[in-house]
Amino acid sequence: MKTNFSLSSGRGLVLAGLLLGWSWQSAAAQTPSGVSGSLRDTKGAVVEFATVTLHRAADSVVVKSEFSDDKGAFRLEEPAAGRYLVSVAQLGFQRAWTTSFEVAGSPVTLPTITLQVSGATTLKEVVVVGQKPLYERQADRTIVNVEGSTLAAGNTSLDVLARSPGVTVDGNDNLALRGKQGLLVLIDGKRQPMSGTELADYLRALPADQLKSIELITNPPAKYDAQGGAGIIAINLKKDQRQGTNGSANISYGRGQYGKFSTGLSLNSRRQKLNLFGSYNYANRQNMAKLDIHRDFYSVSDGSRQLTGSSDQANRIRISNLSHSWKAGLDYNLTERTVVGAVVSGVASRLPRQQGTNTTSLFNADGQLASNYQALSNRNFNSPNVAANANFKHTFANDSSGSRELTADVDYARYNSRRLQDLTTIFAFPIRPDTLVFSNQHGELSIQSAKLDYVHPISKQTRLEAGAKASRVLADNDVLFESSGEDGVRLKDFNQSNRFKYDENITAGYINLNHTFAKTTLQAGLRGEQTTANGRQVVNDSSFHRSYFQLFPSAALKQTLNEKNEVSLSLSRRIDRPSYGQLNPFRVIIDPTTSGSGNPNLRPQTSYNVELTHTFLQKYSTGLSYSITQDPIIGVVQPETDSTVVSTSVNLGKQYYYALTLTAPFEPVKGWQLYTNAVFYYSRFVGNLAGTSLDKGRPAFTLSTNSSVTLGKGWSADVNASYQSREQYGFLDVRPNGQLALGVQKSILDRKGTLKLNATDVLFTSKVRATSSYDNYVERFYQRNDSRVVTLSFNYRFGNDKLAPSRRRSGGAEEEKRRAGGL
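Heads up: these notes are all about the structure in this document. The model shown is predicted, which means the values in this text are computed figures rather than measured ones.

Each helix and strand in the protein was counted, giving four helices and 50 strands. In the protein, which comprises 823 residues, the proportion classed as buried is 52%. Long-range pairs, those at least 24 residues apart, make up 68% of the contacts in the protein with a sequence separation of at least 6. When the accessible area of the protein is evaluated, it comes to approximately 35,200 Å², of which 55% is carbon and sulfur surface.

Okay, here's the thing in structure tokens:
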């Protein structure tokens, strides 16, 4: 059987042609855009590699930081219009502050900043202590500064992400931002080929000690891939910026019901034009997952339904997760304006001992026991992944409008996975022979992509950005099912064994224009993407072909009303393509009555999004959001017989989403910072599934707060709490849940070492209780894991403490890497 599907058609991307249509002729160097200046000491000598920080004048909150170069010069990218201060810190000097100044769309050149030598003896190191707040709110995003936080101690990246403002993780490991699923997740600018449980497992294998920050972007501009209707979560890893040879080492051990150990080492060598860096991390995390399920099955006739049977299940799974992650790379300055780099990274995740027990009782319509059995499962999962990136950046000679910049990235990634499972079912009532099922699934995925980005300042107030990208994804999955015969001999199950191949090509181009007036900033962009996809099941020769071209406009307006108030309005159209795992039709046996399967008939979901935000005193913000999504993709559970169900993904008709977001940072007293975030939202789904009509929603809210206290003498503490109210998501009704985490840390060994003690889910309230309701089926489940954990960690920095300017690269394979879940 062969089916064809087409959303729309189109040929070529004329937008990419604009990329190289601008003159590259050099002009005499003038003052670059942004905030620039130079540093000198009292004798007139340059102060190199000092930390230069931009603060809001109203409350001194950190906006961004940079480093002076070897000539003492610095430049900070142009911030939003408003009043600012600059501070400068360097070892051996007193911290210096500028007077406040105005940024209103034109380049700002500060007078030379002179640093005074510290009064302390030159034989002793002068330590300037400063730390960014854990949460920062910017015009288009919220930033979580993970580095240095006590809550990151010994935890995983998923733990920290789940405690970020507005982020929730449901019982199936699906990420949501402000109550809305469909997120693009980037790690150092690169998308991971995973979603759902696969992405969650990857984040569990990535220690939080390796994170620098997390950015939550709700309405991204056209420069980003159009994927991600709910927005983008950008995870940035730490990178050592010190001169010479240096590094850091960390070790942690946590204990809940089971132990959790992690350790890592990072090294960096920076010499003149060459920077070499590398890191290695190992984690061995033991866990326990507990899941209790009650199911009711119904027959539906003439608008009424009759109970036909029910079941009770108790699932217990012991999980051992071993992971090795590594990265190695280099940056080389060919000239003052040209830099090339390369990075190779890998993650090898292994679950060698995933042992599960499932106890099930089946009842007839009268509530009498019909069957009782116990299923014992043994699973082994191995997933070695490797990715490589080569990048290029050239900054053209400055003219009166600013610097032009060209960047290029080429990416290649290869992901392998092997899942082995055997499931033995022992029947207690009625007594009958045991059954034994084996499965062996092997998947291979390769991603190739290349992208080009160009930034051209047309004038001091206007900047043009344009770019192009091409990517190809090849996936090959092979699954073999076998069952034991009466004589114990394995026989191939031809009904479930299969092979699935998938080939996808996406070409894209974008153009983005930014213009700044005295108190107004305008941004408008357009992105076009052509997608061609082919999927084929070898058994039965079933295949599909899809080809569509779509445009994704975006726009933003920001208006400064006065020194205390500003408003912004943003609009965008975005898309969420099914992950590669969601398209894969293979069966995964979870227990004798439950299996999972992909859906090759899934269509992409598209959404229109609008957000209006008011900011008071540059820190208190109120936001109103609305979006409408066509063909939303949601996970569902459907009965196949009177006792078995299958978990899969389907398209519904529409999703309507409304939200009110409140953000309020406080500093009750010096050294005590509070950050509170509240999201009140209403999400309504409309559609039909297997005869069940859905037009349902429920008002809901999420609350999160973080309290950070500097206690002096190297001591500090954090308290983090969150609460998710009852919510309706599609057919799923989820009861309230929350968490409380506590942390304390102490700087030791001349501030080169940090000792941290951290406790997560102190009240054990992150358990998930939910009900999934359809006309012919109702499921109630209660899920919890080993989440209440106390962790002790130690981190030590060694080597040269002299800083140098940073350089972070974002590759071109962002979108493809998230969607490969389940392969």
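Turning to a positive patch on the surface, a few remarks are in order. A cluster of basic residues, Arg-255, Arg-318, Arg-350 and Arg-353, forms a positive patch at the surface. Here Arg-318 shows up in strand E23 (residues 304–333).

The next thing to look at is the pattern of salt bridges. In this structure the tally under the stated criterion is 21 salt bridges. When the shortest N-O distance is used, the salt bridge between Arg-780 and Asp-296 registers 3.3 Å. Here Asp-296 lies in strand E22 (residues 274–301) and Arg-780 lies in strand E49 (residues 777–785), a separation of 484 residues in the sequence. Exposure remark for Arg-780: the relative accessible area of 41% places this residue in the partly exposed category. Exposure remark for Asp-296: the relative accessible area of 11% places this residue in the buried category. A salt bridge links Asp-695 to Arg-684; the nearest nitrogen and oxygen atoms lie 2.7 Å apart. Note that Asp-695 is positioned in strand E42 (residues 692–712) and Arg-684 in strand E41 (residues 672–689), a separation of 11 residues in sequence. The partly exposed category is assigned to Arg-684, whose relative accessible area is 23%.

Judged by pairing direction, the sheet is mixed, and its four strands sit side by side in the order E34-E35-E39-E38 without closing on themselves. Because the sheet does not close on itself, it has two edges, and the strands there are strand E34 (587–591) and strand E38 (633–639). In this sheet, adjacent strand axes meet at a mean angle of 30 degrees when their direction is disregarded. As judged from the seven bridges shared by E38 and strand E39 (residues 645–651), these two strands associate in the antiparallel manner.

The element strand E6 (residues 82–89) is largely enclosed, with a buried count of seven among its eight residues. Sheet analysis places strand E3 (residues 51–56) next to E6, joined by six bridges and oriented antiparallel. Residue pairing for E6: Arg-56 is matched across the bridge by Tyr-84. Two strands pair when backbone bridges link them, and E6 and strand E8 (residues 101–103) are joined in this way by three bridges, in the antiparallel orientation. By the bridge assignment, Tyr-84 is partnered in E8 with Phe-101. The antiparallel hairpin formed by E6 and strand E7 (residues 96–97) contains six residues in its connecting segment, where Gly-92 sits at a positive phi of about 90 degrees.

Another aspect to go through is the side chain of Lys-767. Note that Lys-767 resides in the loop between strand E47 (753–760) and strand E48 (768–774). Buried and unpaired, Lys-767 has no salt bridge, with Asp-761 as the nearest side chain of opposite charge at 7.8 Å. Side-chain polar atoms of Lys-767 contact the backbone oxygen of Phe-764, separated by 3.5 Å. In this view, Lys-767 contacts Asn-737, Tyr-782, Gln-783 and Arg-784; residues no more than four positions away in its chain are not counted.

What counts and what doesn't
- Residues numbered from 1 in each chain as written.
- Predicted model: local features only at pLDDT ≥ 70, side-chain atom pairs only at ≥ 80, totals over all residues.
- Heavy atoms only, no water.
- Helix = DSSP H or I, 4+ residues; strand = E, 2+ residues; numbered from the N terminus.
- Buried < 20%, exposed > 50% of the residue type's maximum accessible area, 1.4 Å probe, protein only.
- Contact = heavy atoms within 4.5 Å.
- Areas by Shrake-Rupley, 256 points an atom, 1.4 Å probe, with all protein chains shown as cover.
- Patch = residues over 30% accessible without salt bridge, like charges linked within 9 Å, V, L, I, M, F, W, Y side chains within 5 Å.
- Salt bridge = Lys/Arg side-chain N within 4 Å of Asp/Glu carboxyl O.
- Lys, Arg positive; Asp, Glu negative; His and termini not counted.
- Charge placed at Lys NZ, Arg CZ, Asp CG, Glu CD.
- Pairing = 2+ DSSP bridges.
- Axes fitted to C-alpha atoms, helices over the stretch in contact; angles between N-to-C directions.
- Polar contact = N/O pair within 3.5 Å; in protein donor to acceptor, adjacent residues only side chain to side chain.

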